Amino acid sequence: MKKVAVYGQSYSISAEKEIQILLKILEENNIECFIEEKFYNLLVEGTILDNKYKTFSHFKDLDNSFDLMFTLGGDGTILRAVTYIRDLDIPLLGINTGRLGFLATINKNTINESVELILKEEYTTQERTLLAVKTAPETKEFSELNFALNEVTIARKNTTSMIGVTTNLNNEYLTNYWADGLIIATPTGSTGYSLSCNGPVISPDSKNLVITPIAPHNLNARSMVISDQTSIQLEVDSREKDFLISLDSRITTVSENTKVFIEKAPFTIKSIIPNNQSFLQTLRSKLLWGEDTRNATNL
């Protein structure tokens, strides 16, 4: 490993110790480091850095000469980092200074150990599916960043009334979901918003997507797992003239007559998992599977 990028968001500035540990390891191993410009400026203002570093501020500043991108924060930080990586095939490794962290799996107390494993090439690589979105008429906000790592969500706007989301799979009618909205999630996103709406957890290497209604009117409306080769078309019926579309954390308003087309993106994101971590280990830890909570104080 010779060249890496480092990305963080403003709240990561509180992780001063973790940032310094990571940069020290990279320096000791003669690894060239580029830090995202806004994050770098925050670090400079906080007098956290001992040395000067090169910076990047846009997707065009990166290329496939980078061996890895480290993120410092939570899962939201990784979702933002993906907008810089896009189809450049730069692997991601998330150091969790946030809270839950299904994507940012490296515990802040194991940075040294985890990075050492990476340097020794003792890790596995997971290919993570993304979703690509098109709309008719075209939505300007998604003309460049039209992809999502976690999920695409259709949601009501400025109304307490439900919306109807007519759903077609491979040009065949499925149903009309009457609900607060609809989530189309990747395996990566199955542990996010979809999970909070009672959707299933899907292994990252599964070739599937999951459709999950948000607070559906009909009790028999359930999540549905489909092949990731499925093309999805959505149309919304609402009392309001507009509804919301979000791609991960990027959200915009579109008119009611907008058709939404969703399919598997033509590229993937590579996630690096050191040998001291695994997806199942993360699930057990974050969801407290197998834990005895009978003596828990927070009920």
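In this text, all values refer to a predicted model and were calculated from it rather than measured experimentally.

Colleague: I'm lost on the sheet that holds strand β14 (residues 224-227) in this one. Help?
Modeller: Backbone-to-backbone hydrogen bonds pair the strands of a sheet. The strands run either parallel or antiparallel. Strands sit in the order β14-β13-β12-β9-β16-β17 across an open sheet of six strands; the sheet is antiparallel. Edge strands, defined here as strands with exactly one partner in the open sheet, are β14 and β17 (250-255). Shown here is a sheet whose adjacent strand axes are inclined to one another by a mean of 20°, direction ignored.

Colleague: So what exactly am I meant to see when it comes to the side chain of Asn168 here?
Modeller: You can see Asn168 is positioned in strand β10 (residues 163-169). At 3.1 Å, the side chain of Asn168 and the backbone nitrogen of Tyr173 are in polar contact. Aside from chain neighbours lying at most four places away, what touches Asn168 is Tyr173, Leu174, Ser231, Ile232 and Gln233.

Colleague: I'm lost on the pattern of salt bridges in this one. Help?
Modeller: Oppositely charged side chains can pair when the atoms bearing their charge come close. All chains considered together, the criterion is met by five salt bridges. The residue Glu144 makes a salt bridge to Arg86 at a minimum N-O spacing of 2.8 Å. Linking Glu144 in the loop between β7 (123-136) and β8 (147-148) with Arg86 in the loop between α3 (75-85) and β5 (92-96), this pair joins segments that are 58 residues apart in sequence. Judged by its relative accessible area of 46%, Glu144 falls in the partly exposed class. The residue Asp180 makes a salt bridge to Arg156 at a minimum N-O spacing of 3.1 Å. Placement of Asp180 in the loop between β11 (172-179) and β12 (181-185) and of Arg156 in the loop between β9 (151-155) and β10 is noted, with a sequence separation of 24 residues between them.

Colleague: I keep staring at the nonpolar core and nothing clicks. Help me out?
Modeller: In a soluble, globular protein the nonpolar side chains are often hidden away together inside. Formed by 27 residues in total, the largest nonpolar core has its most connected members in Leu62, Met69, Val82, Leu92 and Leu130. For this core, the secondary-structure elements that each account for two or more residues are β1 (3-8), α3, β7 and β18 (259-274). Take this core: its biggest share by element is six residues, from α3. Those residues in contact with Val82, other than ones at most four positions away along the chain, are Leu92, Leu130, Phe147, Leu149 and Ile269.

Calculation notes
- Residues numbered from 1 in each chain as written.
- Predicted model: local features only at pLDDT ≥ 70, side-chain atom pairs only at ≥ 80, totals over all residues.
- Heavy atoms only, no water.
- Pairing = 2+ DSSP bridges.
- Helix = DSSP H or I, 4+ residues; strand = E, 2+ residues; numbered from the N terminus.
- Axes fitted to C-alpha atoms, helices over the stretch in contact; angles between N-to-C directions.
- Polar contact = N/O pair within 3.5 Å; in protein donor to acceptor, adjacent residues only side chain to side chain.
- Contact = heavy atoms within 4.5 Å.
- Salt bridge = Lys/Arg side-chain N within 4 Å of Asp/Glu carboxyl O.
- Buried < 20%, exposed > 50% of the residue type's maximum accessible area, 1.4 Å probe, protein only.
- Core = buried A, V, L, I, M, F, W, Y, C linked by side-chain atoms within 4.5 Å.

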